[in-house]
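Coordinates in review
Residues per chain, in single letters:
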Amino acid sequence: MPDAGPALLIEGLRHRFGEHAAVDGIDLRIEQGEIFGLLGPNGAGKTTTIRVLNTLLPIQEGRIEILGHDVRRDPMGVRRRIGYVPQQLSIESTLTGRENVTWFARLFDVPRKERTVRVDDALGVMGLGEVADRLAGTYSGGMVRRLELAQALVNRPRVLVLDEPTVGLDPVARDGVWQRVEELQEATGMTVLLTTHYMEEAELLCDRIALMHLGRIKAEGSPAELKRELGPDATLDDVFRHSTGGSLDGAEGARGIREIRRTRRTAGRVG
Amino acid sequence: MADAVVIAEPPIWRLFPDRVATFCLVELQKLRHDRTEMLTRAVQPVLWLVIFGQTFNRLHAIPTGGIPYLDFLAPGVIAQSGMFVAIFYGIQIVWERDAGVLTKLLVTPTPRSALIIGKAFAAGIRSIIQVVVVLILSVVLGVTLTENPLRILGAFVVVVMGSAFFACLSMTIAGVVLKRDRLIGIGQMITMPLFFASSALYPVAIMPSWLQALSRVNPLSYEVDALRGLLIDAPSHLWLDIGVLAFSVVVGIMASSLLVGRLAR
């Protein structure tokens, strides 16, 4: 039976690490079938939001529903409905691509009869069919990211959650990821929620975006709408500067830079 | 891809064995692709058996109740090599965390206790493979091992239980310490004392009383005792040993299940 209601509903979400409020009271509604982008610099609270809604962090304050399932009350139901790709490139490098995906098929209880087909499907859609039996440790950064997407897709999720899907990838690999996500959304109608601090990524992929800064949502709408409000030649960066007083690249402190470095390092190691 | 249908939650009595089987299978796949660790880990038991064991076999310095010292030592080294594998396996959960894999595992519909049990038994699988190497070596060195397949199977079960406990112990410590460089030190710090404060190298009777007390609360002693009974037919307290090991495994699973969430933050 299909789930009714919005793909994601966030009400009054707040999350503190000690004194610091990483997410400082946000409301968000994402309809089914949208590609929605959370856009903001590092440290804006995007990753924390993602980690709360995918059950990794407890909900301290507020309420989240995914496809009508309350994240606090039914975390297992939520996990079965979402596919998640973390910011950091992370695969098991001593397994083959196929073994990596099959592992997740089992963890999502994909019935044995369907397993092979689903794994092949997921690998095929991500363009990894030919290299599926190579050790994942030999993959490039872009291939690793696509393998992770295959892992997330083997469950056939209704909501795909991508945290900074292209950080640390070269431009060609980045285009590859964008293209697959778009094709996938068109073919399946699934909802995609992604975070990014690349304006072009938000502009190219997303139906709607929310600008996030210091734990709050500053503006929300389609990229075209947001720009139109400012004038004919406005860019998303202008919109961002206008609504936050900060800039998308660079406004942030040491923590953000460290995170990027870590992701790049991982990309180097696994790729 | 076809329209998404949400997979129903399997009943708990199917979900747990399923997850354990999955983690064990993945472990075997990893081992198949990377066999070097198996060989490097075999070096230490070889040293204990070939050098320490053979020397003390000649000295007759340790009262073993008429059993040749090498025979007495072999089950001890088997238990020890399983323990080493398991402790470092458990510590690897911090690497998985740093590499982001743990994050993804925690978002699958896998209860944390199922993840821990899966990992604990996967550590058992790794230990078994190691133990087979030590068993073969023991036979080559002339240790008289049982030929009863049921007893050997029993020994494997005991090794899996012991290893599951030690994996949980190190996952618990990992959940407390969280930092990988500190963990290596701690791993090394606890393995040797656990080994020496057990009956692996010498009988409990000849230990000073403080060491006897330590040995009595050390699950490794019970593992060694059970293995001696099963493999070389020495006097042992098999059911007590298995009871203590089972109890330790349950406590270890509960402790590390509670702490593993800390690794996600």
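Preceding block: the structure.
Cut-offs and rules
Residues numbered from 1 in each chain as written. Chains lettered and ligands numbered in written order. Predicted model: local features only at pLDDT ≥ 70, side-chain atom pairs only at ≥ 80, totals over all residues. Helix = DSSP H or I, 4+ residues; strand = E, 2+ residues; numbered from the N terminus. Buried ≥ 20, exposed ≤ 12 C-beta atoms within 10 Å, placed from the backbone. Contact = placed C-beta atoms within 7 Å. Nonpolar A, V, L, I, M, F, W, Y, C, P; charged D, E, K, R; others polar. Pairing = 2+ DSSP bridges. Core = buried A, V, L, I, M, F, W, Y, C linked by C-beta atoms within 7 Å. Expected span 1.5 Å × (residues − 1).

1. Observations regarding the overall build of chain A
Scanning chain A from terminus to terminus reveals 10 helices and 10 strands. When each of the 271 residues of chain A is scored for burial, the buried share is 54%. Summarising the internal contacts of chain A: among those between residues at least 6 apart in sequence, 71% fall at separations of at least 24.

2. Concerning the overall build of chain B
When you go through chain B residue by residue, the secondary structure sums to 10 helices and 0 strands. Taken over the C-alpha atoms alone, chain B extends approximately 70 × 35 × 35 Å along its principal axes. Of all 265 residues assigned to chain B, the portion counted as buried reaches 44%. Pairs at least 24 apart in sequence give 80% of the contacts found in chain B among residues at least 6 apart.

3. Focus on the interface of chain A and chain B
Taken residue by residue, the interface counts 33 residues in chain A and 24 residues in chain B. Of all the secondary-structure elements, those providing two or more residues to the side of chain A that touches chain B are helix H2 (75-81), helix H3 (97-107), helix H4 (112-125) and helix H6 (171-188) of chain A. For the side of chain A that touches chain B, the per-class residue count stands at 16 nonpolar, 7 polar and 10 charged.

4. Quick word on unusual backbone geometry
All names here are of chain A. A positive phi angle, close to 50°, is found at Arg 156, a residue other than glycine. In this model, Leu 214 sits at a positive phi of 45°, which is unusual for a non-glycine residue. In this structure, Leu 214 sits in the loop between strand S9 (208-213) and strand S10 (216-221). Judged by local crowding, Leu 214 falls into the partly exposed class, with 18 C-beta atoms found within 10 Å.

5. Thoughts on the sheet that holds strand S5 (residues 69-70) of chain A
All names here are of chain A. Reading across the sheet, the 4 strands line up as S2-S1-S4-S5 and stay open at both edges, with antiparallel pairing between neighbours. At either margin of the open sheet sits one strand with a lone partner, and together these are strand S2 (20-30) and S5. Pairing geometry for strand S1 (residues 8-17) and strand S4 (residues 61-66), over 5 bridges, is antiparallel. From the neighbouring strand, Glu 11 faces S4, where its bridge partner is Arg 63.

6. A closer look at the nonpolar core
With 146 residues, the main nonpolar core has A:Ile66, A:Ala150, A:Val154, A:Val159, B:Ala164 and B:Cys168 as its most contacted residues. It is helix H3 (residues 69-98) of chain B that provides the largest number of residues to this core, a total of 18 residues. In this structure, A:Val154 is in contact with A:Val101, A:Phe104, A:Ala105, A:Phe108, A:Val110, A:Arg118, A:Val119 and A:Ala122, ignoring residues within four places of it in sequence.

7. Details of the environment of B:Gly154
With respect to the secondary-structure elements, B:Gly154 resides in helix H6 (residues 149-177). For B:Gly154 and B:Leu231, which are 77 residues apart along the polypeptide, the C-alpha to C-alpha distance reads 9.1 Å.

8. Let's talk about H4(A)
Residues and elements named next belong to chain A. An ideal rise of 1.5 Å per residue puts 20 Å on 14 residues; H4 measures up with 20 Å between its terminal C-alpha atoms. Listed as buried for H4 are Arg 118, Val 119, Ala 122 and Leu 123. Looking at the packing, one finds that the buried side of H4 touches H3 and helix H5 (141-153).

9. Quick word on the pairing of S2(A)
Residues and elements named next belong to chain A. Bridging between S1 and S2 involves 8 bridges; their strand directions are antiparallel. The residue bridging Phe 17 from the neighbouring strand is His 20, located in S2. Between S1 and S2, which pair antiparallel and follow one another directly, the connecting turn spans 2 residues, one of which, Gly 18, has a positive phi of 65°.

10. A look at the pairing of strand S3 (residues 35-39) of chain A
Residues and elements named next belong to chain A. Where burial is concerned, most of S3 is hidden: 5 out of the 5 residues are buried. A two-sided burial pattern is seen for S3, the buried positions comprising Ile 35, Gly 37 and Leu 39 on one face and Phe 36 and Leu 38 on the other. Both S3 and strand S8 (residues 191-196) contribute to a ladder of 5 bridges, which runs parallel. Looking at S8, one finds that Phe 36 is bridged to Leu 193.

11. Some words on the environment of A:Ala44
For A:Ala44, the position within the fold is in the loop between S3 and helix H1 (46-53). Ignoring sequence-local partners within four residues, the contact set of A:Ala44 consists of A:Met212, A:His213 and A:Leu214.

Any functional reading would require information that these geometric values do not contain.
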